[in-house]
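Read off the chains here:
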Amino acid sequence: AGAAATTVTYPLDVIRTRITAQTTSSYYRGVWASGVAIVKDEGGVRALYRGLPLSLTGIMPFVACNFAVYDKLRHLLLSFYTEQFSRPTLPIPVTMGCGAAAGMTALVLTYPIDLIKRRFQMGRFRFSYGNSRRAFRDVVRYEGLRGLFRGCTPALLKVVPAMAVNMVVYEATKLALTQPAAAAERPGRLKRSITTS
């Protein structure tokens, strides 16, 4: 699902990167005009998908790591709350904390891939790399290992609260969807128990 969504919306991500990367010049103006300019200047529609393989390589482990860490934290804390306070669910602040920790972990582990993807999206506008392997090598050679995490702090300021809210909404939606199903099953179970008795 994450890969499909990324593929469909990727051209918008490229256009956003080009617009925000501008400093003094204003070559890219508006979404549609920017898309047309990129296609015209850089060899067709393929230019709008520059860096997509890297993005797909990054989004899948990000989502997998995010949910794996969240699920592990949630189960550990749920066991604690059930034993200590006899609560079958976690308080919203605790759920938000699990989501924030999961998002932070996933972002830090996959950030170097996202950094290289962004640089590929800029294309000849700012950077010129032959392939992803060379891009990683050049960043480490000229900027050090810290260069792979350039801009990670602003990304964390965006992703951590977003994942905290996301997981609260996820749990609320899951609960809303499962409760009607459970309520619909109860009459059937009651009817079967009456029939068998």
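Residues numbered from 1 in each chain as written. Predicted model: local features only at pLDDT ≥ 70, side-chain atom pairs only at ≥ 80, totals over all residues. Heavy atoms only, no water.

The next subject is the packing of helix α1 (residues 2-21) against helix α4 (residues 92-122). As a packed pair, α1 and α4 sit with axes 9 Å apart at the nearest point and diverge in direction by 80°. Taken together, α1 and α4 sit at an angle that is classed as roughly perpendicular. Contacts between α1 and α4 pair Tyr-10, Asp-13, Val-14, Arg-16, Thr-17, Arg-18 and Ala-21 from the former with Lys-117, Arg-118, Gln-121 and Met-122 from the latter. By residue class, the composition of the contact of α1 with α4 is four nonpolar, two polar and five charged. (Axes fitted to C-alpha atoms, helices over the stretch in contact; angles between N-to-C directions. Helix = DSSP H or I, 4+ residues; strand = E, 2+ residues; numbered from the N terminus. Parallel < 35°, antiparallel > 145°, perpendicular 65-115°, else oblique. Contact = heavy atoms within 4.5 Å. Nonpolar A, V, L, I, M, F, W, Y, C, P; charged D, E, K, R; others polar.)

This next bit is on the layout of surface pockets. Here the largest pocket is characterised by a volume of approximately 1,100 Å³. Taken together, 37 residues line the largest pocket, and the ones lying closest to its centre are Arg-16, Asp-114, Lys-117, Arg-118 and Lys-158. For the lining of the largest pocket, the leading source of residues is α4, giving ten residues. Class assignment of the residues belonging to the lining of the largest pocket gives a composition of 18 nonpolar, ten polar and nine charged. Space inside the second largest pocket adds up to approximately 280 Å³. Every residue along the wall of the second largest pocket is listed here: Arg-74, Pro-88, Thr-89, Leu-90, Ile-92, Thr-95, Val-168, Glu-171, Ala-172, Lys-174, Leu-175 and Thr-178. Going through the elements one at a time, α4 and α6 (152-196) are the ones with two or more residues in the lining of the second largest pocket. Top element by residues in the lining of the second largest pocket is α6. It accounts for six residues. The residue makeup of the lining of the second largest pocket, split by class, is six nonpolar, three polar and three charged. (1 Å grid on protein atoms, 1.4 Å probe; cavity = no way out; pocket = protein on both sides within 12 Å on 5 of 7 lines; lining within 4 Å. Points joined across faces, edges and corners; volume = space filled by probe spheres on them.)

Taken together, the buried positions of helix α2 (residues 31-41) are Ser-34, Gly-35, Ala-37 and Ile-38. Projected onto a plane normal to the axis of α2, the buried residues spread over an arc of 165° and lie on a single side. Every exposed residue of α2 that faces more than 90 degrees away from the buried side is listed here: Trp-32 and Lys-40. On its buried side, α2 packs onto α1. Of the residues trailing α2, Gly-43 is marked for its positive phi of about 90°. (Buried < 20%, exposed > 50% of the residue type's maximum accessible area, 1.4 Å probe, protein only. Arc of directions from axis to C-beta.)

A surface patch of nonpolar side chains, about 330 Å² in accessible area, is lined by Ile-92, Met-96, Val-165 and Val-169. Going through the elements one at a time, α4 and α6 are the ones with two or more residues in the nonpolar patch. You can see Val-169 is positioned in helix α6. (Patch = residues over 30% accessible without salt bridge, like charges linked within 9 Å, V, L, I, M, F, W, Y side chains within 5 Å. Areas by Shrake-Rupley, 256 points an atom, 1.4 Å probe, with all protein chains shown as cover. Salt bridge = Lys/Arg side-chain N within 4 Å of Asp/Glu carboxyl O.)

This part takes up the packing of aromatic side chains. For the structure shown, the criterion picks out six aromatic pairs. Judged by centre distance (5.6 Å) and plane angle (75°), the ring pair of Phe-67 and Tyr-170 falls under edge-to-face. Of the two residues, Phe-67 sits in helix α3 (residues 52-85) while Tyr-170 sits in helix α6, which places them 103 residues apart along the sequence. Relative to Phe-85, the ring of Phe-80 has its centre 6.0 Å away and its plane inclined at 80°; by these criteria the two rings are edge-to-face. Within the aromatic cluster, the residues linked to one another by ring pairs are Phe-80, Tyr-81 and Phe-85. (Phe/Tyr/Trp six-rings, centres within 6.5 Å; stacked < 30°, edge-to-face > 60°.)

With respect to the helices, strands and loops of the structure, Glu-171 is situated in helix α6. Assessed through its relative accessible area of 15%, Glu-171 is described here as buried. Filtering out sequence-adjacent residues up to four positions away, Glu-171 remains in contact with Tyr-70, Arg-74 and Thr-95.

Counting all residues, the mean pLDDT for the chain is 82, and 86% of those residues have values of 70 or more. Counting interchain partners and residues more than four positions distant, the pLDDT-below-50 stretch residues 186-197 has zero contacts. (pLDDT = per-residue confidence, 0-100.)

Looking now at the pattern of salt bridges. Within the structure shown, the criterion is met by eleven salt bridges. Two residues, Asp-13 and Lys-117, come together in a salt bridge whose shortest N-O distance is 3.4 Å. Of this pair, Asp-13 sits in helix α1 while Lys-117 sits in helix α4; the two residues are 104 residues apart in sequence, bridging distant segments of the chain. Taking the shortest distance from any N to any O, the salt bridge between Arg-119 and Glu-143 comes out at 2.7 Å. Within this pair, whereas Arg-119 is found in helix α4, its partner Glu-143 is found in helix α5 (residues 132-143), the two being separated by 24 residues in sequence. A relative accessible area of 26% places Glu-143 in the partly exposed class. Overlapping salt bridges bring together Asp-13, Arg-16, Asp-114, Lys-117 and Arg-118 as one network.

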